[in-house]
Amino acid sequence: MALCSIFCPLIPLRFRSKPISPFLSKPLFSLSFRVYSSQQPSPSTKDELGTVSIGFLGLGIMGSPMAQNLIKAGCDVTVWNRTKSKCDPLIGLGAKYKSSPEEVTAACDLTFAMLADPESAIDVACGKNGAVSGISSGKGYVDVSTVDAASSMLISKQIKDTGALFLEAPVSGSKKPAEDGQLIFLTAGDKLLYEKAAPFLDIMGKSRFYLGEVGNGAAMKLVVNMIMGSMMASFAEGILLSEKVGLDPNVLVEVVSQGAINAPMYSLKGPSMIKSVYPTAFPLKHQQKDMRLALGLAESVSQSTPIAAAANELYKVAKSYGLSDEDFSAVIEALKAAKSQKA
Ligand SMILES: NC(=O)C1=CN([C@@H]2O[C@H](COP(=O)(O)OP(=O)(O)OC[C@H]3O[C@@H](n4cnc5c(N)ncnc54)[C@H](OP(=O)(O)O)[C@@H]3O)[C@@H](O)[C@H]2O)C=CC1
Ligand SMILES: O=CCCC(=O)O
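Residues numbered from 1 in each chain as written. Chains lettered and ligands numbered in written order. Predicted model: local features only at pLDDT ≥ 70, side-chain atom pairs only at ≥ 80, totals over all residues. Heavy atoms only, no water.

1. A look at the packing of aromatic side chains
Moving on, step 1. The full count for this structure, using the stated rule, is 5 aromatic pairs.
Moving on, step 2. Between Phe56 and Phe112 the ring centres are 6.0 Å apart and the planes differ by 20°, which places this aromatic pair in the stacked class. With Phe56 in strand β2 (residues 53–57) and Phe112 in strand β5 (residues 110–113), the pair connects residues that are 56 residues apart, well separated along the chain. Phe112 matches Phe56 in its accessibility class, with the two residues each being buried. (Phe/Tyr/Trp six-rings, centres within 6.5 Å; stacked < 30°, edge-to-face > 60°. Helix = DSSP H or I, 4+ residues; strand = E, 2+ residues; numbered from the N terminus. Buried < 20%, exposed > 50% of the residue type's maximum accessible area, 1.4 Å probe, protein only.)

2. Notes on helix α9 (residues 191–204)
Moving on, step 1. Here α9 spans 19 Å end to end across 14 residues, near enough to the 20 Å set by a 1.5 Å rise per residue.
Moving on, step 2. Most pronounced at Ala198, the bend in α9 amounts to some 50°, and the proline Pro199 follows within four residues.
Moving on, step 3. Across the 14 residues of α9, 12 count as buried, placing the element largely inside the fold.
Moving on, step 4. Within the sequence span of α9, burial applies to Leu193, Tyr194, Glu195, Lys196, Ala197, Ala198, Pro199, Phe200, Leu201, Asp202, Ile203 and Met204. (Expected span 1.5 Å × (residues − 1). Bend = angle between axes of the 7 residues up to and from the residue.)

3. Thoughts on the environment of Tyr266
Moving on, step 1. Note on placement: Tyr266 falls in helix α12 (residues 264–274).
Moving on, step 2. Between the C-alpha atoms of Tyr266 and Gln288, which are 22 residues apart in sequence, the distance is 19 Å.
Moving on, step 3. Setting aside its immediate chain neighbours within four residues, Tyr266 contacts Met231, Phe235, Val253, Val256, Ile261 and Pro271. (Contact = heavy atoms within 4.5 Å.)

4. Quick notes on the pairing of β2
Within a regular strand, the side chains alternate between the two sheet faces.
Moving on, step 1. Taken across its 5 residues, β2 has 5 buried, putting it largely inside the fold.
Moving on, step 2. Taken together, the 5 bridges between β2 and strand β3 (residues 76–80) define a ladder with parallel strand orientation. Following the sheet pairing, Leu57 is matched in β3 by Trp80.
Moving on, step 3. Handedness of the β-α-β unit built from β2, helix α2 (residues 63–72) and β3 comes out right-handed.
Moving on, step 4. Summarising the sheet, β2 and β5 pair through 4 bridges and their orientation is parallel. Residue pairing for β5: Ile54 is matched across the bridge by Leu110. (Pairing = 2+ DSSP bridges. Right-handed = clockwise from strand over helix to strand, strands pointing away.)

5. Topic: the site of ligand 1
Moving on, step 1. Close to ligand 1 lie 26 residues; Asn81, Thr83, Lys86, Ser174 and Lys289 are nearest.
Moving on, step 2. Take Asn81: an N or O atom from its side chain is 2.7 Å from an oxygen atom of ligand 1.
Moving on, step 3. At 2.5 Å from an oxygen atom of ligand 1 is found a side-chain nitrogen or oxygen belonging to Ser174.
Moving on, step 4. Looking at the shell around ligand 1, the elements with two or more residues in it are α5 (118–126) and α13 (284–300).
Moving on, step 5. Here the element with the most residues in the shell around ligand 1 is α13; it accounts for 3 residues. (Near = heavy atom within 4 Å. Polar contact = N/O pair within 3.5 Å; in protein donor to acceptor, adjacent residues only side chain to side chain.)

6. As for the packing of helix α10 (residues 216–244) against α13
Moving on, step 1. Orientation of α10 relative to α13, taken along the N-to-C sense of each, is 120°, at an axis distance of 8 Å. Taken as a pair, α10 and α13 cross one another with a handedness that is left-handed. Across from Ala219, Leu222, Val223, Asn225, Met226, Met228, Gly229 and Ser230 in α10, the residues of α13 making contact are Gln287, Asp290, Met291, Leu293, Ala294 and Leu297.
Moving on, step 2. Grouping the amino acids of the contact of α10 with α13 by side-chain chemistry returns 9 nonpolar, 4 polar and 1 charged. (Axes fitted to C-alpha atoms, helices over the stretch in contact; angles between N-to-C directions. Left-handed = near helix turned anticlockwise from the far one by under 90°. Nonpolar A, V, L, I, M, F, W, Y, C, P; charged D, E, K, R; others polar.)

7. What about the site of ligand 2?
Moving on, step 1. Lining the immediate surroundings of ligand 2 are Ser172, Gly173, Ser174, Lys221, Asn225, Met228 and Phe282.
Moving on, step 2. The contact in question runs from an oxygen atom of ligand 2 to an N or O atom on the backbone of Gly173, over 2.8 Å.
Moving on, step 3. Between an oxygen atom of ligand 2 and a side-chain N or O atom of Lys221, the distance comes to 2.7 Å.
Moving on, step 4. Computed on the free molecule, ligand 2 has an accessible area of 250 Å², of which 79% lies beneath the protein chains in the complex.
Moving on, step 5. Sort the elements by how many residues they give to the shell around ligand 2 and α10 lands first, with 3 residues.
Moving on, step 6. Its residues assigned to classes, the shell around ligand 2 shows 2 nonpolar, 4 polar and 1 charged. (Areas by Shrake-Rupley, 256 points an atom, 1.4 Å probe, with all protein chains shown as cover.)

8. Overview of the state of the cysteines
Moving on, step 1. Taken as a whole and assessed by the stated rule, the structure comprises 0 disulfides.
Moving on, step 2. Its sulfur unpaired, Cys75 is 11 Å from the next cysteine sulfur, which belongs to Cys108.
Moving on, step 3. Judged by its relative accessible area of 8%, Cys75 is buried.
Moving on, step 4. The thiol of Cys126 is unpaired, and the distance to the nearest cysteine sulfur, on Cys108, comes to 18 Å. (Disulfide = S-S within 2.5 Å.)

9. Some details on the packing of α13 against helix α14 (residues 306–320)
Moving on, step 1. Packing of α13 against α14 leaves a shortest axis separation of 9 Å and a crossing angle of 145°. α14 is crossed by α13, and the crossing has left-handed handedness. Residues Leu284, Lys285, Gln287, Gln288, Met291, Arg292 and Leu295 of α13 pack against Ala308, Ala309, Ala311, Asn312, Tyr315, Lys316, Ala318 and Lys319 of α14.
Moving on, step 2. Grouping the amino acids of the contact of α13 with α14 by side-chain chemistry returns 8 nonpolar, 3 polar and 4 charged.

Right under this line is the structure:
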């Protein structure tokens with residue numbers, strides 16, 4: 001089935017409003033050159049969506065709800081995950097299963113990949129029985145993992161050498177936005193694939209940006225997460241300092257929520273951080289990976305990033321305390337440990 005029968009018309013240089021009908025949506029304001037953004041929903045009917053076969057590789061915290069939303073929207077979804085048991089709930093919802101990335105891309109028109117890090121994204125795409133082995137001209141590969149630009153370019157080259165199209169599309173937004181179909185896609189690569197994938201991105205997300213050449217989406221994602229990681233480390237310091245000087249940290253969270261530095265992250269994570277519980281939405285190991293990759297990006301252009309470098313050290317300490325799989329807000333434990341060591 002040709003994908004082009006279902007893609008939505010995109011309006012260059014515009015931010016489209018949340019539409020009643022996507023074909024009728026009005027441009028709100030211009031964004032900078034080469035940047036596109038739109039909001040859902042897609043123009044396609046459930047029947048049209050089901051005519052494109054979709055592959056999904058990687059069913060972790062993010063991949064599972066993303067694939068689930070595609071299935072619930074009526075898409076024909078085939079899944080694969082290294083640990084097969086994570087496929088079972090999706091198979092229960094109607095997904096098909098293949099036993100390797102190669103088989104998925106061979107069977108599907110369009111394949112999404114949501115892997116942990118550069119190593120796994122490269123291995124699943126380019127390794128033995130990887131996606132590259134099964135993909136071919138007329139198909140598309142959309143990597144939504146958070147990786148560095150060089151890894152994304154490597155995957156892109158191997159995919160495109162087969163004649164298939166490639167799009168990088170890392171996401172902003174965590175577990176809950178993934179469940180709610182409210183992710184923000186930061187895409188770059190083949191514009192035609194961006195257009196073809198748009199109806200599916202719009203099922204999983206609330207907005208999408210097209211940023212041009214492969215590497216730009218990865219870079220944007222790393223800059224965003226570098227800021228987020230530094231914000232969280234600073235917030236952790238503030239919570240502990242407020243406690244140490246005899247303030248109620250819950251009041252601090254409330255004060256912050258009413259002022260100019262308000263961020264949903266603080267209100268969401270603050271109360272549990274004060275209780276020293278860290279239910280995992282974004283694993284700390286992935287936040288440290290993103291700090292590391294962002295610092296590499298900064299170094300590649302000789303940009304000074306001392307705040308991020310200091311925050312990265314805290315995430316490394318937290319990892320060394322066995323907190324890799326806790327939520328990244330557990331970085332506060334690294335500061336507590338430092339405090340108790342000195343005491
Ligand atoms: N959680 C979040 O809030 C967000 C995460 N991200 C990014 O999305 C990506 C996925 O994150 P998330 O879902 O949280 O991570 P998880 O750790 O929950 O899932 C990672 C996925 O990668 C797979 N994987 C890991 N290593 C390998 C390997 N060597 N070969 C094959 N598959 C492998 C895992 O398979 P298995 O099940 O077998 O372990 C799993 O499917 C990361 O790049 C992360 O930085 C982006 C936005 C938000
Ligand atoms: O990469 C993870 C991002 C988490 C978020 O945007 O809330």
